[in-house]
Amino acid sequence: QEYLANNIYYPIEAIESGIQEVVCIKFLVKKLGEIEQLKIVRGVDDLLQNEAKRVTLFMLKWVHGEQAGEK
């Protein structure tokens, strides 16, 4: 959440147009923590979808949880 709060930039055009929405993204985290297969699940405005994709793709590598010693 801290990463998102510090790295999402609401597009000026969207602010000026009064565009607001929640963009939901689905993605797969590979074994080494990289993100792939990013897909917009919910969202209408291209400006907001592009910003959501940008900030997601620049995330640091994820650390997998473990269960019984397996990631």
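Residues numbered from 1 in each chain as written. Predicted model: local features only at pLDDT ≥ 70, side-chain atom pairs only at ≥ 80, totals over all residues. Heavy atoms only, no water.

K.L.:
Tell me about the pattern of salt bridges, and please be specific about residues and values.
P.N.:
By the definition in use, this model includes 3 salt bridges. Put simply, Lys61 and Glu34 hold a salt bridge, and the shortest N to O gap is 3.5 Å. One end of the pair, Lys61, is in the segment after α3 (46-57); the other, Glu34, is in the loop between β1 (24-29) and β2 (35-42), and 27 residues separate them in sequence. With a shortest N-O distance of 2.7 Å, Arg54 and Glu51 are connected by a salt bridge. Here Arg54 and its partner Glu51 are both found in helix α3, 3 residues apart, which amounts to about one turn of the helix. Among the residues examined, Arg54 registers a relative accessible area of 30% and is labelled partly exposed. (Salt bridge = Lys/Arg side-chain N within 4 Å of Asp/Glu carboxyl O. Helix = DSSP H or I, 4+ residues; strand = E, 2+ residues; numbered from the N terminus. Buried < 20%, exposed > 50% of the residue type's maximum accessible area, 1.4 Å probe, protein only.)

K.L.:
Could you give me a rundown of the environment of Glu21, with the residues and numbers involved?
P.N.:
With respect to the element layout, Glu21 can be found in the loop between α2 (12-17) and β1. Residue Glu21 is classed as partly exposed on the basis of its relative accessible area of 26%. Between the C-alpha atoms of Glu21 and Lys31, which are 10 residues apart in sequence, the distance is 32 Å. Beyond its immediate chain neighbours, meaning those up to four positions away, Glu21 contacts Tyr10, Gly43, Val44, Asp45, Leu48 and Gln49. Only 2.9 Å separates the side chain of Glu21 from the backbone nitrogen of Val44, close enough to count as a polar contact. Among the polar contacts listed, one links the side chain of Glu21 to the backbone nitrogen of Asp45, at a separation of 3.1 Å. (Contact = heavy atoms within 4.5 Å. Polar contact = N/O pair within 3.5 Å; in protein donor to acceptor, adjacent residues only side chain to side chain.)

K.L.:
Let's hear about the packing of aromatic side chains: which residues, and what values?
P.N.:
Enumeration over the complete set of coordinates arrives at 1 aromatic pair. Where Phe27 meets Trp62, the ring centres are 5.5 Å apart and the plane angle is 70°; that geometry is what we call edge-to-face. With Phe27 in strand β1 and Trp62 in the segment after α3, the pair connects residues that are 35 residues apart, well separated along the chain. A residue is classified by how much of its surface remains accessible, and Phe27, at 27% relative accessible area, is partly exposed. (Phe/Tyr/Trp six-rings, centres within 6.5 Å; stacked < 30°, edge-to-face > 60°.)

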